[in-house]
Amino acid sequence: MLVPGKIQHIICTGNLCIKEVQDYLKTLCPDLHITRGEYDEETRYPETKTLTIGQFKLGLCHGHQVIPWGDLDSLAMLQRQLDVDILVTGHTHQFTAYKHEGGVVINPGSATGAYSSITYDVNPSFVLMDIDGLRVVVYVYELIDGEVKVDKIDFKKTTATTHSAH
Amino acid sequence: MLNGTEDEEKWLAEGIAGIQHYAFFMHRALDSNNLREALKYSAQMLSELRTSKLPPHKYYELYMRAFDELKRLELFFKDESKHGVSVVDLYELVQHAGNILPRLYLLCTVGSIYIKSKEAPAKEVLKDLVEMCRGVQHPIRGLFLRSYLAQISRDKLPDIGSEYEGDADTVIDAVEFVLQNFNEMNKLWVRMQHQGPGGVKEKREKERSELQDLVGKNLHVLSQIEGVDLEMYKETVLPRVLEQVVNCKDDLAQYYLMDCIIQVFPDEYHLQTLETLLSACPQLQPTVDVKTVLSQLMDRLSNYAASSADVLPEFLQVEAFSKLSNAIGKVIEAQVDMPAVGAITLYVSLLTFTLRVHPDRLDYVDLVLGACVKKLSNIPELEDRRAMKQVVALLSAPLEKYNDIVTALTLSNYPRVMDHLDIGTNKVMAMVIIQSIMKNYSCISTADKVEVLFELIKGLIKDIDDADVDELDEEDFKEEQNSVARLIHTLYNDEPEEMLKIICIVRKHTMAGGPKRLPFTVSSLVFSALRLVRQLQGLEGDIVGEDVPVTPKKIFQLLTQMIDSLSAVPSPELALRLYLQCAEAANGCDLEHVAYEYFTQAFVLYEEEIADSKAQVTAIHLIIGTLQRMNVFGVENRDTLTHKATGYSARLLKKVDQCRAVYACSHLFWVDDQDGIKDGERVLLCLKRALRIANAAQQMANVARGSGGPVTLFVEILNKYLYFFEKGNGQITSSAIEGLIELINTETHCDSTSPDSISDAFLASTLRYIQFQKQKGSVAGEKFESIKL
């Protein structure tokens, strides 16, 4: 699946570290969104980013800026602040997908299984999102003990309009 | 020279016209069954071929015209009913032609029919013809005549299973005939070098090469004869051919014919006659490019070996490897002037051969490399780029074959060959090695192999010469160092003791890399070491006492040294991050003092080295985030560090950043674990401090810009209030929250505030959150009920 042309957008939480990796991702899909991780050599990536795909507003942030690291309630605050349906963050190298009244918080984990001070036993993982109308299906791919395991989670939005200022 | 070509064109045209002229009359004679006239005119036609004026490629055109006409003549000769003369008599009759060349062409033509008629044994006719052709000693004319003979006799040889085989006619006779024709043709061909029109040597050689296939064709015919089996090839054919090749002492002929033999005869024959074939090589003229001949031979044999596994035992049986390597050794010794690239190309061919035929014999592979080392040692400085490319090919071959650098690392001569490379090529080769490791997921898991590996790739690891520093393009340099960094990640061993040894060896090598390389390599190595620490954490049993070889403490000492070295670059931001990583790891190992020391280092860097305001914001958040997760500190240590963190937070340059960092610090006083700190008062103090800063920011904005500042800060702080309210911090009251909401509304609707949809939306979703919590029911719902909106 990870061949050029199949993916429409790539959303990356950061810590690609070197430009080579960005270039590689660009070959999979030219629409690449990256936020800055603390080890990225490219200092011009933004701290946060928002984008709209279909009926969904997405927010992106590496996550080292949100303290306590990995804390769902603090991340929910960021979600409210960015006013997005889906917040994608990283930093913990642990896949999580959490639904609450304000929307969904997804952490795709580490694509490479890199060391993390926060998570012991990191399994490489990434997420594919299929956005269709008011529904998003999240497929998570994890490499556990040499085997790829796939799981899927469904989310549905209740209203078609995106949040607007009063 | 233009004149010459023009003249040649003219003569060719004249010759063709002549042929056409006489052919016309000849056809008339054929149509009227007039043998005598046919003979007369055909002889005259063939006389056109007596010219000495044409160069080979033009003579060929003339010859082809005549050849076509001779075919028609042959048809006429064959049909006795047309002319009434028996073939035996005809054979006699044509010998009356006046000039020898036409006579012999006609004789060959009749001879062809004679053999077909079977009125005489094929062998006798063939013998007669091949001898008679001696009458023409002019090189070009003779070559074409004999070529004609070869052509018409081809399908009439007394081969096994052919209709011409008989008691008296055997395949031996066929072979004799072809060999004799070959010998004579070669002699004529060689004679061209010394005779013919005087002229430049190059011109002569060019003309000769145009004729080479005429000579080579005979070898081709020999290879096609069914009856020439291995035995006959070994006993008769090859020795006789080689005899001619060696004795003719002509370098052009020798080179072409050796190559021809190799290409034309089957590989199994070559294997079985390897000794004979190779022993001819030293006997050739010194100017012959013997190395190319040998390379061709080895390439063919390599392909033969690759074609099927069944043939491999044969190679062993004939001891092909030792014969070939001996022959190569002799050639290289004998030809002292051979350029380096030639010798190395030979070794590359031999190595390819060895890898195909004897892949399991690493000792053979090592021998070849060793021979190459010897040769390279005799060259003071290898500067030829092509030679370097060949050395890279030599070194890459085992990598590709074995798909595993580990095997190559066991070859004792491998590093020695690499030693002879210049820096640039060493780096190229080092990258090839690293790429091979990546591609094959090779695991280099022992310390001594890592040592060998890093010696091999030393061109990437450090500056070897003073001369070549800084000549490298920055992009290329980055690519190189990133490859080294990746490589470090692949070095791994389950055994902590061995892994530590590996880390130490890598450290030893990379420390010599200098400030430009350290930022790349130190990170990888630090994380390798941190992984080891974590692995030790997971192990059962006590890791107490100094006599245990590997302890987290020892690794932390190493880590500190590694990160300290970054000060030489300097890389304070990277170093700060790595210190914090180590602090967390120390926390996991319950080493309070070690963790404290790391925080100290991080703070020192923050104070002294990180001046950029944006960098400071990130750095302080990393410090706060790490500190928040620490559970190993006693009260005093924790207090000191927390105090420092909050202090620096409040002193960031921009008020906005100050505010955010300070409320982040509130989490330092509240940890959700069961025995984590939960100091509600100090949390509130932090939040209130953040509020004051936000207020100050508002006022500053009013003064400086005339309009209100970021209301969003207040909403952020509100969210933090709600966070701790929910967690059960008694110091945060619902009235405080209501007050804050009111403040926000006031600020928002204040005249001087410009409308801000972002903070409006933020507030709206926050209020929605409160509503949602109210509706939750249970304890949480009750709590939130108290907030009146």
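The model shown is predicted, which means the values in this text are computed figures rather than measured ones.

Draft legend 1. Molecular detail of the sheet that holds strand E7 (residues 103–107) of chain A. All names here are of chain A. Across the sheet, which stays open at both edges, the five strands sit in the order E3-E4-E5-E7-E6 with mixed pairing between neighbours. Each edge of the open sheet carries a strand with a single partner, namely strand E3 (48–53) and strand E6 (96–100). In this sheet, adjacent strand axes meet at a mean angle of 20° when their direction is disregarded. Bridge analysis of E6 against E7 gives five bridges, and the strand direction is antiparallel.

Draft legend 2. Structural view of the packing of helix H26 (residues 474–490) of chain B against helix H28 (residues 518–538) of chain B. Residue and element names in this part refer to chain B. Interaxial distance between H26 and H28 falls to 8 Å at its minimum, and their mutual angle equals 10°. Taken together, the axis directions place H26 and H28 in an arrangement best described as roughly parallel. Touching Phe 477, Lys 478, Gln 481, Asn 482, Val 484, Ala 485, Ile 488 and His 489 of H26 are Phe 520, Thr 521, Ser 524, Leu 525, Phe 527, Ser 528 and Arg 531, all from H28. Residues belonging to the contact of H26 with H28 are distributed by class as follows: seven nonpolar, six polar and two charged.

Draft legend 3. Quick peek at the sheet that holds strand E8 (residues 125–132) of chain A. Residue and element names in this part refer to chain A. Spatially, three strands are ordered E8-E9-E10 in an open sheet, and the strand pairing comes out antiparallel. Looking along the sheet, the strands with just one partner apiece sit at the ends: E8 and strand E10 (147–156). When the angles between neighbouring strand axes are averaged without regard to direction, this sheet yields 20°. Across eight bridges, the pairing between E8 and strand E9 (residues 135–144) is antiparallel. Along E9, the bridge assignment pairs Ser 125 with Glu 142.

Draft legend 4. Focus on the confidence of the model for chain B. Per-residue pLDDT for chain B has a mean of 89; in total, 96% of the residues score no lower than 70. We note a pTM of 0.80 for the whole complex and an ipTM of 0.94 for its interfaces.

Draft legend 5. A look at the interface of chain A and chain B. Listed as interface residues are 30 residues of chain A and, on the opposing side, 47 residues of chain B. Of the roughly 3500 Å² buried at the junction of chain A and chain B (both faces included), carbon and sulfur atoms supply 54%. When the buried area of chain A at its contact with chain B is split by residue, Ile 67, Arg 80 and Tyr 115 of chain A rank highest and sum to 23% of it. The partner of Lys 478 of chain B in a salt bridge is Glu 41 of chain A, with the nearest N and O atoms 3.8 Å apart. Taken together, the connections running from chain A to chain B amount to 13 residue pairs in polar contact (both at pLDDT 80 or more). Counting residues per element, the side of chain A that touches chain B draws most heavily on helix H2 (residues 72–82) of chain A, at five residues.

Draft legend 6. Quick look at the pattern of salt bridges. The final tally for this structure, using the stated rule, is 34 salt bridges over all chains. Asp 73 of chain A is the salt-bridge partner of Lys 727 of chain B, the closest N and O atoms lying 3.3 Å from each other. With Lys 727 of chain B in helix H36 (residues 712–727) and Asp 73 of chain A in helix H2, this pair bridges two chains. Accessibility expressed as a relative area gives 29% for Asp 73 of chain A, which makes it partly exposed. In this structure, Glu 498 of chain B engages Lys 501 of chain B in a salt bridge whose closest nitrogen and oxygen atoms are separated by 3.8 Å. You can see Glu 498 of chain B and its partner Lys 501 of chain B sitting in helix H27 (residues 496–511), three residues apart, about one turn around the helix. Here the residues in one salt-bridge network are Asp 73 of chain A together with Asp 672 and Lys 727 of chain B, joined through shared partners.

Draft legend 7. Representation of the UniProt feature "domain: Calcineurin-like phosphoesterase" (unreviewed entry) in chain A within the structure. When the UniProt feature table is mapped onto this chain numbering, "domain: Calcineurin-like phosphoesterase" (unreviewed entry) sits at residues 7–132 of chain A. Helix and strand shares over residues 7–132 of chain A are 17% and 32% respectively, and the end C-alpha atoms of the span are 14 Å apart.

Draft legend 8. Spatial organisation of the side chain of Ser 295 of chain B. For Ser 295 of chain B, the position within the fold is in helix H15 (residues 290–307). Once you skip the residues sitting within four places of it in the chain, Ser 295 of chain B turns out to touch Thr 345, Leu 346 and Ser 349 of chain B.

Conventions used here
- Residues numbered from 1 in each chain as written.
- Chains lettered and ligands numbered in written order.
- Predicted model: local features only at pLDDT ≥ 70, side-chain atom pairs only at ≥ 80, totals over all residues.
- Heavy atoms only, no water.
- Pairing = 2+ DSSP bridges.
- Helix = DSSP H or I, 4+ residues; strand = E, 2+ residues; numbered from the N terminus.
- Axes fitted to C-alpha atoms, helices over the stretch in contact; angles between N-to-C directions.
- Parallel < 35°, antiparallel > 145°, perpendicular 65-115°, else oblique.
- Contact = heavy atoms within 4.5 Å.
- Nonpolar A, V, L, I, M, F, W, Y, C, P; charged D, E, K, R; others polar.
- pLDDT = per-residue confidence, 0-100.
- Buried area = accessible area lost by both parts, 1.4 Å probe.
- Salt bridge = Lys/Arg side-chain N within 4 Å of Asp/Glu carboxyl O.
- Polar contact = N/O pair within 3.5 Å; in protein donor to acceptor, adjacent residues only side chain to side chain.
- Buried < 20%, exposed > 50% of the residue type's maximum accessible area, 1.4 Å probe, protein only.
- UniProt positions renumbered as here; feature names shortened; annotations may be inferred.

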